[in-house]
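Summary of the model geometry
Each chain, letter by letter, is given below.
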Amino acid sequence: MYRTHNCGELRLKHQGQKVTLSGWVQRKRDKGGMIWIDLRDRYGVTQLAFDESKTDKNILDTVEKCGREYVLKATGNVIERYSKNDNMPTGDIEIFPDALEILSASKTPPFTIENESDGSDELRMKYRYLDIRRNPVKNALVLRHNIARETRKYLDKNGFLEIETPNLIKSTPEGARDFVVPSRMHPGTFYALPQSPQTFKQLLMLGGIDKYFQLVKCYRDEDLRADRQPEFSQIDCEMSFVDKDDIMKQFEGLVQHLFKTVKNVDIELPFKRLTWHESMEKYGIDKPDLRFDMTISELTHLAQNKGFKVFDSVEYVGGICAEKCASYSRKQLDELTKFVQQPQVGAKGLVYVKYNEDGSFKSSVDKFFTPEDLKSWADAMHATPGDLLLILAGNKQETLDQLSVLRLEMGNRLNLRDPGKFEPLWVVDFPLLEWDDETNRYYAMHHPFTSAKAEDTKFMDIDPGKVRANAYDMVINGVELGGGSIRIHNTDEQQHMFKLLGFTEEEARAQFGFLLDAFQYGVPPHGGIAFGFDRICALFGGSDSIRDYIAFPKNNAGRDIMIDAPATISEKQLKELKLKLDVNR
Ligand code: ASP
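The rules behind the values
- Residue numbering note: each chain is counted from 1, following its sequence as written.
- Selection of residues for local features in this predicted model requires a pLDDT of at least 70, selection of side-chain atom pairs for listing and counting requires 80 or more, and totals for whole chains, interfaces and linings are taken over all residues.
- Heavy atoms from the whole structure form the basis of all side-chain values; hydrogens and water molecules are not counted.
- By the criteria applied, helices consist of DSSP H or I runs no shorter than four residues and strands consist of E runs no shorter than two, each listed in order from the N terminus.
- Here, the term nonpolar core denotes a set of buried Ala, Val, Leu, Ile, Met, Phe, Trp, Tyr and Cys residues that are joined through side-chain atoms within 4.5 Å.
- Only protein chains enter the calculation, and the probe is 1.4 Å; a residue is then buried if its accessible area is under 20% of its type maximum, exposed if over 50%, and partly exposed in between.
- Only heavy atoms enter the contact rule, under which two residues are in contact if any of them lie within 4.5 Å.
- The criterion for strand pairing is that DSSP finds at least two bridges linking the strands in question.
- Lines fitted to C-alpha atoms define the axes here, with helix axes fitted over just the stretch in contact, and angles between the N-to-C directions of these axes take values from 0 to 180 degrees.
- Salt bridge criterion: a side-chain nitrogen from Lys or Arg within 4 Å of a carboxyl oxygen from Asp or Glu.
- The cutoff for a nearby residue is simple: one of its non-hydrogen atoms must lie within 4 Å of the molecule or strand.
- Here a polar contact is recorded for every N or O atom pair within 3.5 Å, except that within protein the pair must consist of a potential hydrogen donor and a potential acceptor, and residues adjacent in sequence are included only if both atoms are side-chain atoms.
- The Shrake-Rupley method, run with a 1.4 Å probe, gives the accessible areas here. Residue values count only the displayed protein chains as cover.
- When residues are grouped by polarity, Ala, Val, Leu, Ile, Met, Phe, Trp, Tyr, Cys and Pro land in nonpolar, Asp, Glu, Lys and Arg in charged, and all others, Gly among them, in polar.
- Angle categories are assigned with fixed cut-offs, so that under 35 degrees is roughly parallel, over 145 is roughly antiparallel, 65 to 115 is roughly perpendicular, and the rest are oblique.
- By convention, the crossing between two helices is left-handed when the near helix turns anticlockwise from the far helix through less than a right angle, and right-handed when the turn is clockwise.
- It is the directions from the helix axis to the C-beta atoms whose arc is reported.
- We call Phe, Tyr and Trp rings a pair once their centres come within 6.5 Å, taking the six-membered ring for Trp, and we label the pair stacked below 30 degrees between planes, edge-to-face above 60, and tilted otherwise.

This next bit is on unusual backbone geometry. Of note, the amide linkage connecting Leu269 to Pro270 takes the cis form, showing an omega dihedral of -10 degrees. In this structure, Pro270 sits in the loop between helix H6 (244-263) and strand E11 (272-275). Cis geometry marks the peptide bond from Ala565 to Pro566; its omega dihedral reads 0 degrees. Relative to the assigned elements, Pro566 resides in the loop between helix H15 (533-541) and helix H16 (571-577). One non-glycine residue, Asn415, lies in positive phi territory at about 55 degrees.

Attention now moves to the nonpolar core. Core analysis: the largest hydrophobic core is formed by 40 residues, its most contacted members being Phe251 and Phe531. Only helix H4 (135-157), strand E10 (231-240), H6, strand E17 (424-428), strand E20 (471-476), strand E21 (479-486), strand E22 (526-532) and H15 provide two or more residues apiece to this core. With 7 residues, H6 is the single largest residue contributor to this core. Those residues in contact with Phe251 that lie beyond four places of it in its chain are Leu155, Phe160, Cys237, Met239, Met474, Ile529 and Phe531. Counting residues in each nonpolar core, the second largest holds 32 residues, with Phe430, Tyr442, Phe459 and Ala471 among its members.

Spatially, the 5 strands line up as an open sheet ordered E12-E13-E16-E14-E15, and their pairing is antiparallel. Of all the strands in the sheet, the pair left with one neighbour each is strand E12 (297-298) and strand E15 (361-363). Across the sheet, helix H12 (residues 396-413) is in contact with strand E13 (316-322) and strand E16 (388-394); its angle to E13 comes to roughly 10 degrees.

Between side chains of opposite charge, a pair can form when the charged atoms approach closely. All chains considered together, the criterion is met by 46 salt bridges. Between Asp38 and Arg29 there is a salt bridge, with the nearest N and O atoms lying 3.5 Å from each other. A salt bridge links Lys362 to Asp366; the nearest nitrogen and oxygen atoms lie 3.4 Å apart. We classify Lys362 as partly exposed; its relative accessible area is 41%. Sharing partners across several salt bridges, the network here consists of Asp121, Arg124, Arg128, Asp131, Arg134 and Arg547.

A word on the sheet that holds E10. Taken together, the 8 strands give an open sheet; going across it, the order is E6-E9-E10-E22-E21-E20-E17-E11, and neighbouring strands pair in mixed fashion. Two strands close off the open sheet at either side, each with one partner strand: strand E6 (161-162) and E11. Its contacts with the sheet place helix H7 (residues 276-283) against E11 and E17, and it is angled at close to 85 degrees to E11.

On to the site of the ligand. Of all residues adjacent to the ligand, which total 14 residues, the nearest are Gln198, Lys201, Gln234, His447 and Arg487. His446 places a side-chain nitrogen or oxygen 3.0 Å from an oxygen atom of the ligand. Within the complex, 91% of the 270 Å² of free accessible area of the ligand lies under protein. For the shell around the ligand, the secondary-structure elements that each account for two or more residues are helix H5 (198-206), E21 and E22. In terms of residue count, the dominant contributor to the shell around the ligand is E22 (3 residues). Tallied by class, residues from the shell around the ligand come to 2 nonpolar, 8 polar and 4 charged.

Another aspect to go through is the pairing of strand E2 (residues 34-41). Among the 8 residues in E2, 8 count as buried, and that is most of the element. Burial of the side chains of E2 extends over both faces: Met34, Trp36, Asp38 and Arg40 are buried on one face and Ile35, Ile37, Leu39 and Asp41 on the other. When strand E1 (residues 18-30) meets E2, the two strands line up antiparallel, connected through 6 bridges. Looking at E2, one finds that Arg29 is bridged to Trp36. The hairpin turn running from E1 into E2, its antiparallel successor, is 3 residues long, and Gly32 in that turn takes a positive phi close to 65 degrees.

Attention shifts here to the packing of helix H10 (residues 330-341) against H12. H12 packs onto H10 with a crossing angle of 140 degrees between their chain directions and a minimal axis gap of 10 Å. Between H10 and H12, the interaxial angle falls into the category oblique. The chirality of how H10 crosses H12 is right-handed. Along its contact with H10, which presents Glu335, Leu336, Phe339 and Val340, the element H12 presents Val405, Leu406, Glu409, Met410 and Arg413. Grouping the constituent residues of the contact of H10 with H12 by class yields 6 nonpolar, no polar and 3 charged.

Moving on to H7. Among the residues of H7, Trp276, Ser279, Met280 and Tyr283 are the ones counted as buried. The arc that holds every buried residue of H7, seen down its axis, measures 105 degrees, which confines them to one face. In this structure, the buried residues of H7 make contact with E11, H12 and E17. Phi for Gly284, located one or two positions after H7, is positive at around 75 degrees.

A few words on the packing of aromatic side chains. Under the counting rule described, the total for this entry stands at 20 aromatic pairs. Ring centres of Phe259 and Phe540 lie 4.4 Å apart, and the angle between their planes is 40 degrees; on these two criteria the pair is classed as tilted. With Phe259 in helix H6 and Phe540 in helix H15, the pair connects residues that are 281 residues apart, well separated along the chain. Each member of the pair Phe259 and Phe540 is classed as buried. Measuring from centroid to centroid gives 4.8 Å for Phe498 and Phe512, while their planes differ by 5 degrees, and the two rings are stacked. One end of the pair, Phe498, is in helix H13 (residues 491-500); the other, Phe512, is in helix H14 (residues 505-518), and 14 residues separate them in sequence. You'll find Phe498 and Phe512 in the same group, each marked buried. An aromatic cluster of three or more residues is present, and its members are Phe308, Phe311, Phe368, Phe369 and Trp377.

Moving on, we come to the side chain of Arg134. Along the polypeptide, Arg134 turns up in the loop between helix H3 (128-131) and H4. According to the relative accessible area criterion, Arg134 is buried, its value standing at 7%. Aside from chain neighbours lying at most four places away, what touches Arg134 is Phe111, Thr112, Ile113, Glu114, Asn115, Glu116, Ser117 and Arg124.

Relative to the helices and strands, Leu481 is located in strand E21. Note on Leu481: relative accessible area 2%, which makes it buried. Look past the residues within four positions of Leu481 in its chain and what remains in contact with it is Met474, Val475, Ile476, Ala530, Phe531, Gly532, Arg535, Ile536 and Leu539.

Another point: the side chain of Arg128. Tracing the backbone through its elements, the reader meets Arg128 in helix H3. A relative accessible area of 7% places Arg128 in the buried class. For Arg128, the side chain forms a polar contact with the main-chain oxygen of Ala551, separated by 2.7 Å. Apart from the residues lying within four places of it in its own chain, the contact partners of Arg128 are Val137, Arg547, Asp548, Ile550, Ala551, Phe552, Pro553 and Met562.

Below, the structure is given as structure tokens:
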């Protein structure tokens, strides 16, 4: 028997019991006469103590041999510790082994396996199995498991069936590039890995499964960012005979359940709702962080035609009001200017207006504007004496983008983004289509299966950009946790949509013939949503990076540096697949 207990469970009440533990050597300390080993497993750390004058020579020889990360099995009595350690749950006791066995030796690990490690990100990813022994990584996996378990519990209780869909499919456009897999049996043809199970879950609705979910891997060949991985997981869901409100109610219930059961945080229902248009105008972004206010105000009309060229020549002037910041120093204002001028933000400059405590104004544009002008801006921004107005100008969409970034930066500087506070909302009424100047065509903002709002269908042919979608995103603290829509459920409408997206009838048939055919056999009205499962984990765990919550993640270049993938394949494999490489093309 390898163990009677784990390394995290022994307490004073076990005193006097003979126990066997197995685990890794976290640390060995030799204080002349006494040697201690901290033995670690998934559950915690227990101290083994060896009194050199009383311990068998064989055991001492074994102790002598073992170093960090050796795997040991130790049997001995549980003894009350002379000097207790309150920082350790097992800190009241220690084991005096009368048998000790090395189960496996270890090389010295390339970084310290403690809560705080000295290993770089790359090094820890190369040796991820060692990193997983560290509490922060292990705890992230435990959190992930708990969220998965509670998701399944809630959805099962609400009548959802978990059904798997295939991984080797035909391309489903969700706006990203597909990963493809060559077929050996059908040379020259390829499977695509699913960007999501979108069409399959819709076909399940046609199959009469009226409530489906799946914790599912999705694959998108996109440029990577901190919150993106080429393979990631979704909580993917679909329901029949529902409208938008039914879906939103069902899934805010899921999120409330997860917060309560996993984090013991109470979330109020129903969630706030903002239209996409409001969200863009007030926060400059479609995933606003509502933990703080500081909304954007447009100043275009107030600020133009006063002789300040920078404002007069642009489409949009707008700003945010940072409360109680009029006392900002030159240095702080310079820092903010540099911040908005970084290439990632992209503003040309920053105009500030200090609304001083005594009611006077001091600004970077005093030459062009009277105190009355500045007062009119302050009023439009609901500012009061003591506040600081930060103003940007330019093309409307770009300026709103920049203001959204500046707003978050000010939120950080003023500690308004409390990690213990959660402010969920739904963003609704997204545009159905997005125009792309480069390719000169419309793209589906969500995906091509999303339906239009009934009252907007009249614009479909005359002004497609004006049509709003039956789509919704769930956002918490500036993170888009999930999104979905009510789907098109009739062939004509679906074909019309493909046409708007620039598909010829043949192309649409070639790619989606199966769906268009299926739509001829009785389609229940349906809709759904998918949550970024890794993102939910990161939000719950208080991290910006989903990578921390994935057991074996890829690095920023999309590589798994532990197993060294992607990698070349052998000539033989290429031959079987009838593929010839032309990597320099
Ligand atoms: N398939 C969509 C996505 O992956 C979600 C949905 O519409 O249900 O974003």
